[in-house]
Amino acid sequence: MKKIMTVFLFFLLFGWLSRPAAYAEDLSADALLERIEKLEHRQSRFSHPWMQHIAISGVVEAEAGYVRTDYKNPANADTDETDVVLATMEMGVDADITDYVSGHMVFLWEEDDTEPVDLDTGFITVSGGDTLPVYVNLGKMYLPFGMFESFMISDPLTLELAETRESAIQAGFATNGFYGSAFIFNGDIDESGKDSRADNFGASIGIAVEDDAFSMDVSAGYINNILDSDGLGDHLSEIMETEGTALDDDVAGVAAAACLSMGPMTLIGEYITAFDEPTFLSVSDGGAVTGQKMSAFNMELACAFACCGKETTFGVAYQGADNTGDLLPDTRWAGTLSAAILSGTTLALEYCRDKFENDDQIDRVTAQLALEF
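Residues numbered from 1 in each chain as written. Predicted model: local features only at pLDDT ≥ 70, side-chain atom pairs only at ≥ 80, totals over all residues. Heavy atoms only, no water.

Draft legend 1. Just the overall build of the protein chain, in detail. For the protein chain, the helix and strand inventory stands at five helices and 19 strands. Taken across its 373 residues, the protein chain has 32% of its residues classed as buried. Pairs at least 24 residues apart make up 53% of the contacts formed inside the protein chain by residues separated by at least 6 positions. Element-wise, carbon and sulfur atoms account for 60% of the exposed surface of the protein chain, whose accessible area totals about 22600 Å². (Helix = DSSP H or I, 4+ residues; strand = E, 2+ residues; numbered from the N terminus. Buried < 20%, exposed > 50% of the residue type's maximum accessible area, 1.4 Å probe, protein only. Contact = heavy atoms within 4.5 Å. Areas by Shrake-Rupley, 256 points an atom, 1.4 Å probe, with all protein chains shown as cover.)

Draft legend 2. The arrangement of the pairing of strand 13 (residues 279-282) in detail. By the alternation rule, side chains of strand 13 split into Phe280 and Ser282, which are all buried, and Thr279 and Leu281, of which none is buried. Bridge count between strand 10 (residues 245-247) and strand 13: three bridges; the pairing is antiparallel. Note that in strand 13 the partner of leucine 247 across the bridge is phenylalanine 280. Bridge analysis of strand 13 against strand 14 (residues 288-290) gives three bridges, and the strand direction is antiparallel. Bridge pairing links leucine 281 to alanine 288 in strand 14. (Pairing = 2+ DSSP bridges.)

Draft legend 3. Inspection of the sheet that holds strand 10 at higher detail. Across the sheet, which stays open at both edges, the three strands sit in the order 10-13-14 with antiparallel pairing between neighbours. The open sheet has two free edges, formed respectively by strand 10 and strand 14, since each of these has just one partner strand. Adjacent strand axes in the sheet meet at a mean angle of 30 degrees when their direction is disregarded. On top of the sheet, helix 5 (residues 230-243) reaches strand 10 and strand 13; it is set at about 140 degrees to strand 10, its chief contact. (Axes fitted to C-alpha atoms, helices over the stretch in contact; angles between N-to-C directions.)

Draft legend 4. Region of the structure containing a nonpolar patch on the surface. Among the surface-exposed residues, Ile97, Tyr100, Val101, Ile124, Val126, Val136, Leu138, Ile169, Ile184 and Phe201 lie close enough to one another that they form a single nonpolar patch of about 830 Å² accessible area. Looking at the nonpolar patch, the elements with two or more residues in it are strand 4 (118-128) and strand 5 (132-142). Assignment of secondary structure puts isoleucine 184 in strand 7 (residues 178-185). (Patch = residues over 30% accessible without salt bridge, like charges linked within 9 Å, V, L, I, M, F, W, Y side chains within 5 Å. Salt bridge = Lys/Arg side-chain N within 4 Å of Asp/Glu carboxyl O.)

Draft legend 5. Spotlight on the side chain of aspartate 360. Its location among the elements puts aspartate 360 in the loop between strand 18 (345-355) and strand 19 (361-372). For the buried residue aspartate 360, which engages in no salt bridge, the nearest side chain bearing the opposite charge is lysine 72, 8.5 Å off. (Lys, Arg positive; Asp, Glu negative; His and termini not counted.)

Right, here's the structure in full:
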């Protein structure tokens, strides 16, 4: 009986295993060819030659923070706040189509942004390739006004004052460590009585030198209207709309920055200032109101070392801003400690103290886990 059952199970198993082969034999040659072509088509969508020219990168930053605000005015109650946020999610796509044409796009989501996902930058680059060290960028970009280098989690005050993102045309060069560019764009804040035109402009120039023990990057920049920066533009637009005023004349700005590294030590210095005081005209009676000349600076010192086998950096910063009201603090002291705990993964802790013109004070402690790929 056992032998009969064994033979029966053997033939049953053999018959089951032979079903796919028999089914394949039942298919016509045309049907088999069609199936193969479909599989090859599906595979080709992911192995097309143009995919070799695409590079994808990204950053994800999660933060937990504590903020204490001490108001100078006793009528305002002091506050203590804590929060956990996905601070930043950024994805970049670079496409090197040929030796002379490339494209760059960055999609950005930030916790305090009103838009769900924003096209942060997107532009086309036409360059001279290996023949000529020149290029032209056309599209939406961060204009080369200010360096904004920092080891802190918080953005430096120079960035908050002067960072400018616009749709522009930029032409530049880079050769033997020297680099420079000029740009033109249509700003958001126009002079009173003038039509909207692409008559805003600026330029930057610098030198970058690097070897095994020392590196240096020194640059200077000019923009014909610093009031068109992202921070100042939005702030002033609200004020002008509320008070019924318009800008009388553009206010030029200059920037100077240096980043020096020697061994494990890095020193950063940057200063950005407006040339003149802004003047605003009343729309109703033409009366003039003159503001104050604004400026900001950042100084940082950082040291890199190994701790528990991990690359670690400790940095301190002293920053300040003048004549920006409650938009930016008068002084900022900050310190950070960061460690590369895993490949592409950094854990950082920052303490920051801001003191404003009216003597209000804000203390922040932020822990950040960042992933880069």
